[in-house]
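Notes for the structure review
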Amino acid sequence: MEILDGKKISNQIKDEIAAEVAKMRERGEKVPHLAAVIVGSDGASLTYVGSKVRACERVGFESTMVRMPSTTSEQELLKKIHELNEDKDIDGFIVQLPLPEQIDTQKVIMAVHPDKDVDGFHPMNFGKMALDMSTFIPATPFGILELLERYQVDTKGKHTVVIGRSHIVGRPMSILMGRKGWPGNSTVTLTHSHTKNITQIISQADIVISALGVPNFLKAEMVKDDAVVIDVGITRVPDDTKEKGYYITGDVDFENVSKKASFITPVPGGVGPMTIAMLLKNTLLARERHRGRE
């Protein structure tokens, strides 16, 4: 069994990006600028956005954090997005999800200009991804592809089972694993809460990608020997014995599943760090595109 070490690979990617940014500075070019909008004070979101800002500092990007109160109206947020779309200094930006209930998430995603949509959520970018065209791939699926590639995991002709059909992970992952090329060329089954015989389907998978958000859902008896297991789930489970009052776990019963898997991602330290690294990579791509147009 080999650990797919997202922490190690994400650090490699950040080093590669930092070297690229250093060359840009030497040439006297503008360096990439990433902005993050956060509405409200959700603890997990604040932690996540904070880590994005630190990652920008590490690779030499400019970064801007836009904090708005939880009482922000949909109109106020859309106005802020319009300002960021028009700001020539900002190459890419993200609006941290989830948003307060008074705001329509779909409207917000639609409002972000596709050229600055480094999350890859806009329908134009999603559509291009589905058609194998060059675009921004959503950061988490992009990170999973990068892990599979750097660890030389064979995906051709394999049966990949994706658990969960969210627009952020499950659905794009199912499209990407079935695309021509590598990583890809696998036969994909997308499962969800209404899938019958889900255990039987998972047991036939060569590659399992779980993005369900249910702690320890995937048990050892559900996976076949030498399966590749990618755990996208990350859940805070309350635990009074821990200093923070919780511990973090994924969708996979790591201790037991790891004994059967050929490759497996840990939680934390697997897919999570890759997501931030690929967001930086998308921002670098956005800067290169903007420079090409300039």
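In short, a report on the structure.

The rules behind these values
- Residues numbered from 1 in each chain as written.
- Predicted model: local features only at pLDDT ≥ 70, side-chain atom pairs only at ≥ 80, totals over all residues.
- Heavy atoms only, no water.
- Pairing = 2+ DSSP bridges.
- Helix = DSSP H or I, 4+ residues; strand = E, 2+ residues; numbered from the N terminus.
- Right-handed = clockwise from strand over helix to strand, strands pointing away.
- Axes fitted to C-alpha atoms, helices over the stretch in contact; angles between N-to-C directions.
- Parallel < 35°, antiparallel > 145°, perpendicular 65-115°, else oblique.
- Contact = heavy atoms within 4.5 Å.
- Nonpolar A, V, L, I, M, F, W, Y, C, P; charged D, E, K, R; others polar.
- Core = buried A, V, L, I, M, F, W, Y, C linked by side-chain atoms within 4.5 Å.
- Buried < 20%, exposed > 50% of the residue type's maximum accessible area, 1.4 Å probe, protein only.
- Salt bridge = Lys/Arg side-chain N within 4 Å of Asp/Glu carboxyl O.
- Phe/Tyr/Trp six-rings, centres within 6.5 Å; stacked < 30°, edge-to-face > 60°.
- Lys NZ or Arg CZ within 6 Å of the ring centre and 35° of its normal.

1. Concerning the pairing of strand β3 (residues 62–68)
For a regular strand, side-chain orientation follows a simple rule: the groups alternate between the two sheet faces. Two strands pair when backbone bridges link them, and strand β2 (residues 33–39) and β3 are joined in this way by seven bridges, in the parallel orientation. Looking at β3, one finds that I38 is bridged to R67. Traced from β2 through helix α2 (residues 43–59) to β3, the parallel crossover comes out right-handed.

2. A short note on the packing of helix α1 (residues 6–26) against α2
Taken N-terminus to C-terminus, the directions of α1 and α2 make an angle of 50°; their axes are 8 Å apart at the nearest point. Taken as axis vectors, α1 and α2 run oblique relative to one another. Note on element contacts: α2 touches α1 through A55, R58 and V59, opposite N11, K14, D15, I17, A18 and V21. Residues that form the contact of α1 with α2 fall into these classes: five nonpolar, one polar and three charged.

3. What to know about the nonpolar core
Side chains that are nonpolar tend, in soluble globular proteins, to be buried together. By size, the foremost hydrophobic cluster in this structure holds 50 residues, and its most contacted members are I17, F61, I144, I209, I230 and V232. Element by element, the count of residues in this core is highest for helix α10 (residues 271–293), at nine residues. Beyond its immediate stretch of four places on either side in the chain, I144 contacts M173, I209, I230, V232 and V271. Core analysis: the next-biggest nonpolar cluster, separate from the first, contains 17 residues, I201, I202, M222 and I264 among them.

4. Looking at the pattern of salt bridges
Evaluation of the coordinates by the stated rule reveals 14 salt bridges. With a shortest N-O distance of 3.9 Å, K79 and E83 are connected by a salt bridge. Taken as a pair, K79 and E83 lie in helix α3 (residues 74–86) at a separation of four residues, close to a single helical turn. You can call K79 exposed: its relative accessible area is 56%. The partner of E146 in a salt bridge is K281, and the shortest N-O contact between them spans 3.6 Å. Residue E146 is found in helix α6 (residues 139–150), and its partner K281 is found in helix α10; the two are separated by 135 residues along the sequence. When salt bridges that share partners are traced, they join E16, E146, R150 and K281 into one network.

5. Concerning the packing of aromatic side chains
The full count for this structure, using the stated rule, is zero aromatic pairs. Its end group placed over the ring of F136, R289 keeps NZ or CZ at 4.6 Å from the ring centre.

6. Considering the environment of V31
Within the secondary structure layout, V31 lies in the loop between α1 and β2. Classification of V31 as buried rests on a relative accessible area of 6%. Note: C-alpha distance between V31 and F61 (30 residues apart in sequence) is 6.1 Å. Setting aside its immediate chain neighbours within four residues, V31 contacts V21, R25, G60, E62, D91 and R287.

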